[in-house]
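# Architecture at a glance
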Amino acid sequence: MDSLSLLDTLIAFDTTARTSNLDLIDFVETYLTERGFRVTRVMAPEGDRAGLYAAIGPEGAGGVMLSAHTDVVPVAGQEWTRPPFQLTREGDRLYGRGTTDMKGYLAAMLAVADKAAGADLAEPLKLAISYDEEIGCVGIQAMIDQLEPAIGLPRLCFVGEPSEMQVTVGHKGKAAFRAIAHGQSGHSALAPQFTNALHLAMDFVGELKALQDHYARDGARDEAYGVPYSTIHVGTLSGGTALNIVPDRAELAFEFRHLAADDPDTIRAQIHGAAERVSAAYEGEARIEVEEVNAYPGLDQAEEAEVTTFAKAMAQTNSVTKVAFGTEAGFFEALGIPTVVCGPGSMDGQGHKPDEYIELDQLRACDAMLDRVLDSLRA
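Residues numbered from 1 in each chain as written. Predicted model: local features only at pLDDT ≥ 70, side-chain atom pairs only at ≥ 80, totals over all residues. Heavy atoms only, no water.

Moving on to the packing of helix H1 (residues 3-11) against helix H10 (residues 360-377). The description of two helices packed together rests on the angle between their axes and the distance between the axes. Orientation of H1 relative to H10, taken along the N-to-C sense of each, is 115°, at an axis distance of 11 Å. Of H10, the residues touching H1 (which contributes Ser 3, Leu 4 and Leu 7) are Leu 363, Arg 364 and Asp 367. The class makeup of the residues in the contact of H1 with H10 is three nonpolar, one polar and two charged. (Axes fitted to C-alpha atoms, helices over the stretch in contact; angles between N-to-C directions. Helix = DSSP H or I, 4+ residues; strand = E, 2+ residues; numbered from the N terminus. Contact = heavy atoms within 4.5 Å. Nonpolar A, V, L, I, M, F, W, Y, C, P; charged D, E, K, R; others polar.)

Shown next, in the form of structure tokens:
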């Protein structure tokens, strides 16, 4: 089985995030089991999605782990000119949802797994295959505790998010929040007598904007990123039911993305402090409640680390990069597994877009890299 034929099969599974991926998981589990892999399925709490851990070669700790997610972003609302869940080849471009992000890498993983089945390995080849990465690395958070008992901790890990086959040593961490502003309802003719929840929310947005200005001006900097400082972003704000009613509730969604040098707990404390200041400025029961809804850690791998040196040799490159988007790499790092990101395709140019595609030479370069990884594990 080569990566191109495997990609054709994988694209045909509609594994949009939050929907079932079990048909794809059934295919992959059977494929790996038939090739002698030891496979552990990890079910999502909802029961309609799952991830896999798999290994071949010597049992226990050590070896190299390759990591991919199975889910893709929705196609609804996008104008596709090619069928999103059918691989379409036009010249050297392969079109379909997930070709770049990141079923191309998953296909290459399965292709090298086929080769590993007939190899005499001194160290194990390990695979981590997750779900619901696209909604904030949710699936791996439910799976991560099962990694060590399932296949043993590897000595290093490659996460194959699209990086144009450049070795990626860093990305920011993220935390997402919901804030609810509570005020008082009343007739708008008497508006000054009531606490307008939208006013609270807007004052809180102002505090978040001031916090963003602080990090842009005085926070840590890393010029390897397009935005070289930690960011605070408000995405949505809603409230009120009618023009002639003072709103007693408003809700906003916001996030921060932080550099490794900025402590995320410090940013959290600053956010909660801002909510308390705004609440205290109003009378009565006015208040702002802040709830953290999701978070994932960043990645900050040293350029001189063994995993970085190894990855550069496998990818045949002398440089490293950092990316704006998040990945699952930080969860593996938190377990003590040195991790880098390196995979085919371009997130900027192709990922999440209508008519998503991957260049054939990117897929072939990934195949070549994983072949070298496999060779490094041979006895």
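Our next topic: the sheet that holds strand E13 (residues 249-258). Taken together, the four strands give an open sheet; going across it, the order is E11-E13-E9-E14, and neighbouring strands pair in antiparallel fashion. For this open sheet the edge positions go to strand E11 (231-239) and strand E14 (287-296), each flanked by a neighbour on one side alone. If you compare each strand with its neighbour and ignore which way they point, the axes differ by 20° on average. With respect to the sheet, helix H6 (residues 197-218) is in contact with strand E9 (173-182), E11, E13 and E14, its orientation differing from that of E11 by roughly 170°. (Pairing = 2+ DSSP bridges.)

The subject of this paragraph is the sheet that holds strand E18 (residues 357-359). If you trace the three strands from one edge of the open sheet to the other, you get E4-E5-E18, paired in antiparallel fashion. Edge positions in the sheet fall to strand E4 (88-90) and E18, since each of these pairs with one other strand and no more. Sheet twist, expressed as the mean angle between neighbouring strand axes with direction ignored, is 25°. Where strand E5 (residues 93-95) meets E18, three bridges bridge the pair, whose relative direction is antiparallel. Bridging from a neighbouring strand, Arg 93 pairs with Glu 359 of E18. The sheet strands contacting H10 are E4, E5 and E18, and the helix crosses E18 at an angle near 65°.

So, about the side chain of Arg 35. Here Arg 35 is to be found in the loop between helix H2 (22-34) and strand E1 (38-43). Among the polar contacts listed, one links the side chain of Arg 35 to the backbone oxygen of Tyr 31, at a separation of 3.0 Å. At a separation of 2.7 Å, a polar atom in the side chain of Arg 35 contacts the side chain of Asp 114. When neighbours within four sequence positions are excluded, Arg 35 is seen to be in contact with Met 1, Ile 56, Asp 114 and Ala 117. (Polar contact = N/O pair within 3.5 Å; in protein donor to acceptor, adjacent residues only side chain to side chain.)

The next thing to look at is the packing of aromatic side chains. One pass over the full model with this rule turns up seven aromatic pairs. When the centroid spacing of 6.1 Å and the interplanar angle of 35° are considered together, the rings of Phe 13 and Phe 27 count as tilted. Here Phe 13, found in the loop between H1 and H2, pairs with Phe 27, found in helix H2; they are 14 residues apart in sequence, far enough to count as distant. An aromatic cluster of three or more residues is present, and its members are Phe 177, Phe 204, Phe 254 and Phe 256. Arg 82 extends its terminal NZ or CZ atom over the ring of Tyr 95, reaching a point 3.8 Å from the ring centre. (Phe/Tyr/Trp six-rings, centres within 6.5 Å; stacked < 30°, edge-to-face > 60°. Lys NZ or Arg CZ within 6 Å of the ring centre and 35° of its normal.)

Turning next to H2. Counted at 1.5 Å a residue, the expected span for H2 with its 13 residues is 18 Å, and the 18 Å between its end C-alpha atoms agrees. Here H2 has its buried residues at Leu 22, Leu 24, Ile 25, Val 28, Tyr 31 and Leu 32. Contacts made by the buried residues of H2 are with H1, E1, strand E2 (50-56), helix H3 (99-116) and strand E6 (125-130). (Expected span 1.5 Å × (residues − 1). Buried < 20%, exposed > 50% of the residue type's maximum accessible area, 1.4 Å probe, protein only.)

Turning our attention to the environment of Lys 353. Inspection of the secondary structure puts Lys 353 in the loop between strand E17 (339-341) and E18. It is 8.6 Å that separates the C-alpha atoms of Lys 353 and Arg 97, two residues lying 256 residues apart in sequence. Sequence-distant contacts of Lys 353, defined by excluding residues within four places in its chain, comprise Gln 78, Trp 80, Arg 97 and Asp 348.

It is the contact of helix H8 (residues 306-315) with H10, at a shortest axis distance of 8 Å, that shows an interaxial angle of 120°. Judged on the interaxial angle alone, H10 and H8 are oblique. Listed contacts from H10 to Phe 310, Ala 313, Met 314 and Ala 315 of H8 are Met 369, Arg 372, Val 373 and Ser 376. Here the contact of H8 with H10 is composed, by residue class, of six nonpolar, one polar and one charged. (Parallel < 35°, antiparallel > 145°, perpendicular 65-115°, else oblique.)

Another point: the pattern of salt bridges. Going through the model one piece at a time under the given rule, you end up with 28 salt bridges. For the salt bridge of Asp 26 with Arg 41, the shortest nitrogen-to-oxygen distance reads 2.6 Å. With Asp 26 in helix H2 and Arg 41 in strand E1, this residue pair connects regions lying 15 residues apart in the sequence. The class for Arg 41 is partly exposed, based on a relative accessible area of 28%. Of the charged contacts, one joins Arg 277 and Glu 207 as a salt bridge, the two residues approaching to 2.7 Å between their closest N and O atoms. Of this pair, Arg 277 sits in helix H7 (residues 264-280) while Glu 207 sits in helix H6, placing them 70 residues apart in sequence. Overall, Glu 207 belongs to the partly exposed group, its relative accessible area being 24%. (Salt bridge = Lys/Arg side-chain N within 4 Å of Asp/Glu carboxyl O.)

Shape descriptors only; they carry no functional weight alone.
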